[in-house]
Amino acid sequence: MKHTDIKIITSDKENYLGRNVTVCGWIRTARDSKNMAFLEINDGTTLKHLQIVIDKGRFADPDPETMKLGASVRVCGKAVESRQGGVEIEAEEIHLLGKCPPDYPLQKKRHTLEFLRTMPHIRTRTNTFNAIFRVRSVMADAIHRYFQERGYVYVHTPLITGSDCEGAGEMFKVTTIGYNKKYNSAEEYYADDFFGKRAGLSVSGQLEGEVAAMAFSKIYTFGPSFRAEKSNTPRHVAEFWHVEPEVAFAELEDIIEIAEEMIKYIVSETIKKCPDEIAFFAQHFEKGLAEKLENLLTQDFAVLEYTKAIEILKSADKDFQYPVEWGCDLQTEHERYITEEVFNKPVFITNYPKDIKSFYMKQNPDGKTVAATDLLVPGVGEIIGCSEREADYDKLVDAMKQRNMNLDDYADYLDLRKYGSVPHSGFGLGFERILMYVTGIQNIRDVILYPRTVGSIR
Ligand code: 4AD
Ligand code: MG
């Protein structure tokens, strides 16, 4: 169906004035008066609607079905300057593509995000979701470009896996056998299952990413990860998109530099390519959003030792729900206090106690901490989990034994420490988390097309 995107006509107005064009879209507003009728249509290529002017003197009364909110139309007509200095179309032909009955849910101008969540297939037609998904697409492209321009190899790590990367017991099982009484033990059951052993959906591509980095030096993955987290929070989904670079010959301070540079790059690309969307979010969701993003580009992120963070939290004049002691995991309230109230900018917390972190992290000489860092940002909390990896075979085996892990499941991973082991580091960025930060949207369910959360799927 030959037609021109509304984005092209509205952003290159001079080129179109006086010309005949064909546009397509869905009706956003319709007004009818004695001599004239007006439609605003949107085709989703831009936040801007395009006004269609119908002169009833020249044109038979429009088909009432083309005046219904949500109906889809194809319009041919002349592009002319509107009274406000924009562009509008003087209709010559209007073809109805799809009717839309009055039970169409988007009759009102503004709905709450909660209400829109009940209809993921319809909410995409609102301005808010138009803006969110354009930013999502631009940011995904920026992530690929950041790594590609710097020579990283994009690898596709498996989604079905036999080894749990994070060891937090959050793996979804993959099985072809349903409920069955015939097995006497779990071993018997798994032996009979599709892979002949226990399998699950990957919580992270890191372990296989390390395999690739030990050959190509600089790699990244960008795909879905799955976590059966029972916690119902505004920051967790069971299926999220995960950006995971892995870099050989890199220590913790090197990977921190890369993480900061990458975040700044993708934010700056978004500011450049989505000015209308950022302005929209600033108006409706987070006052000062544009300034926040501009400031991010010019400031150095803070770097703070975990031990120092605990001191700050203990001396804070604040009643935390979860008490703070050296050795405790930081809760969202702690993370937000540090990044929002103490620094008011992104903060890398470094060198966490080894007992609260994963087996693969490099053990520091103090015997108590690991070379790991989380990047915390105001409004969201943790967006990146990062570490230098333990490259020493014996130390890695010790850490795994302390956690009662089955070494056989990690034989490939251990081999990497046997054959030409090198210092290497990587991180995982939660794509939806950075989207929340950049858009000011406060619930992760609103930055992904179909959120999967405990007790909810459609
Ligand atoms: O901190 P995490 O668990 O780190 C890892 O998985 C490492 N293997 C990454 C690596 O070093 N390659 O997860 C990384 C990030 C978190 O900081 C968070 O942004 C995001 O993934 N994330 C989630 N996002 C949405 N919903 C969830 N349930 C998430 N779990 C983690
Ligand atoms: Mg983490």
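Residues numbered from 1 in each chain as written. Chains lettered and ligands numbered in written order. Predicted model: local features only at pLDDT ≥ 70, side-chain atom pairs only at ≥ 80, totals over all residues. Heavy atoms only, no water.

Engineer: Explanation requested: the packing of helix H7 (residues 206–216) against helix H14 (residues 411–418) in the structure shown.
Structural biologist: What describes two packed helices is the angle between their axes and the distance between those same axes. Running from N to C, H7 and H14 point in directions that differ by 35°, and their axes come no closer than 10 Å. Considering only the axes of H7 and H14, their crossing is left-handed. For the pair formed by H7 and H14, the contact residues are Gln206, Leu207, Glu210, Val211 and Met214 on the first element and Tyr413, Leu416 and Arg417 on the second. Taken together, the residues of the contact of H7 with H14 sort by class into five nonpolar, one polar and two charged. (Axes fitted to C-alpha atoms, helices over the stretch in contact; angles between N-to-C directions. Helix = DSSP H or I, 4+ residues; strand = E, 2+ residues; numbered from the N terminus. Left-handed = near helix turned anticlockwise from the far one by under 90°. Contact = heavy atoms within 4.5 Å. Nonpolar A, V, L, I, M, F, W, Y, C, P; charged D, E, K, R; others polar.)

Engineer: What exactly am I supposed to notice about the site of ligand 1 here?
Structural biologist: Every one of the 24 residues lining ligand 1 counts as a neighbour, but Glu166, Gln206, Arg227, Glu244 and Glu382 are closest to it. The side chain of glutamate 166 places a nitrogen or oxygen atom 2.6 Å from a nitrogen atom of ligand 1. Glycine 385 has a polar backbone atom sitting 3.3 Å from an oxygen atom of ligand 1. For ligand 1, the accessible surface in isolation is 630 Å², of which the surrounding protein chains cover 94%. Looking at the shell around ligand 1, the elements that each hand over two or more residues are strand S10 (239–248), strand S14 (381–388) and strand S15 (424–430). Along the lines of polarity and charge, the residues of the shell around ligand 1 split into eight nonpolar, eight polar and eight charged. (Near = heavy atom within 4 Å. Polar contact = N/O pair within 3.5 Å; in protein donor to acceptor, adjacent residues only side chain to side chain. Areas by Shrake-Rupley, 256 points an atom, 1.4 Å probe, with all protein chains shown as cover.)

Engineer: How should I be thinking about the environment of histidine 242 in this particular structure?
Structural biologist: Relative to the helices and strands, histidine 242 is located in strand S10. Sequence separation between histidine 242 and phenylalanine 226 is 16 residues; the distance between their C-alpha atoms is 9.5 Å. Aside from chain neighbours lying at most four places away, what touches histidine 242 is Val203, Ser204, Thr221, Phe222, Gly223, Ser225, Arg227, Gly428 and Leu429. A distance of 2.8 Å separates a polar atom in the side chain of histidine 242 from a polar atom in the side chain of serine 225.

Engineer: Help me out: how do you make sense of the state of the cysteines in this one?
Structural biologist: Every disulfide links exactly two cysteines, by a covalent bond between their sulfur atoms. Under the criterion given, the structure shown has zero disulfides. Cysteine cysteine 24 is unpaired, with the sulfur of cysteine 76 as its nearest cysteine sulfur at 8.3 Å. On the basis of relative accessible area, cysteine 24 is assigned to the buried category, the value being 10%. (Disulfide = S-S within 2.5 Å. Buried < 20%, exposed > 50% of the residue type's maximum accessible area, 1.4 Å probe, protein only.)

Engineer: Where do I start with the side chain of serine 72 in this structure?
Structural biologist: Within the secondary structure, serine 72 sits in strand S4 (residues 72–81). Among the polar contacts listed, one links the side chain of serine 72 to the backbone nitrogen of glycine 98, at a separation of 2.9 Å. Among residues more than four places away in sequence, those in contact with serine 72 are Gly25, Trp26, His95, Leu96, Leu97 and Gly98.

Engineer: Sorry if this is basic, but what is going on with helix H5 (residues 127–149) here?
Structural biologist: Side chains three or four residues apart in an α-helix point the same way, a direct result of the helix having 3.6 residues per turn. Here H5 is 23 residues long and its end C-alpha atoms lie 33 Å apart, about the 33 Å a rise of 1.5 Å per residue gives. Looking one or two residues beyond H5, the residue adopting positive phi is glycine 151, at roughly 85°. (Expected span 1.5 Å × (residues − 1).)

Engineer: Just checking my understanding: could you explain the packing of aromatic side chains for this structure?
Structural biologist: Pairs of aromatic rings are described using the distance from one ring centre to the other and the angle between the two planes. Per the counting criterion, the structure on display carries 21 aromatic pairs. Geometrically, the ring pair formed by phenylalanine 222 and tryptophan 241 is edge-to-face, given 6.1 Å between the ring centres and 85° between the ring planes. In this pair, phenylalanine 222 is assigned in strand S9 (residues 218–226) and tryptophan 241 in strand S10, connecting sequence segments 19 residues apart. On the basis of relative accessible area, tryptophan 241 is assigned to the partly exposed category, the value being 33%. Consider the rings of phenylalanine 359 and tyrosine 413, whose centres lie 6.0 Å apart with planes at 70°: the pair is edge-to-face. Note that phenylalanine 359 is positioned in the loop between strand S12 (347–353) and strand S13 (369–377) and tyrosine 413 in helix H14, a separation of 54 residues in sequence. Judged by relative accessible area, which is 4%, tyrosine 413 ranks as buried. These aromatic residues form a ring-pair network of at least three members: Tyr146, Phe147, Tyr152, Tyr154, Tyr220 and Tyr265. It is lysine 357 that lies over the ring of tyrosine 352; its NZ or CZ is 4.2 Å from the centre. Here arginine 417 stacks its cationic end above the ring of tyrosine 413, 4.1 Å away from the centre of that ring. (Phe/Tyr/Trp six-rings, centres within 6.5 Å; stacked < 30°, edge-to-face > 60°. Lys NZ or Arg CZ within 6 Å of the ring centre and 35° of its normal.)

Engineer: Where do I start with the sheet that holds strand S11 (residues 302–305) in this structure?
Structural biologist: The pairing of strands in a sheet happens through backbone hydrogen bonds and is either parallel or antiparallel. Strand order in this open sheet of eight strands is S6-S9-S10-S15-S14-S13-S12-S11, and the pairing throughout is mixed. Pairing within the sheet leaves two strands with one partner each, and these edge strands are strand S6 (153–154) and S11. Inspection of the sheet shows S9 paired to S10 by nine bridges, in the antiparallel sense. Counterpart to proline 224 in the pairing with S10 is tryptophan 241. Helix H8 (residues 252–273) rests against S10, S12, S13, S14 and S15 of the sheet, and its axis sits at about 35° to S15. (Pairing = 2+ DSSP bridges.)

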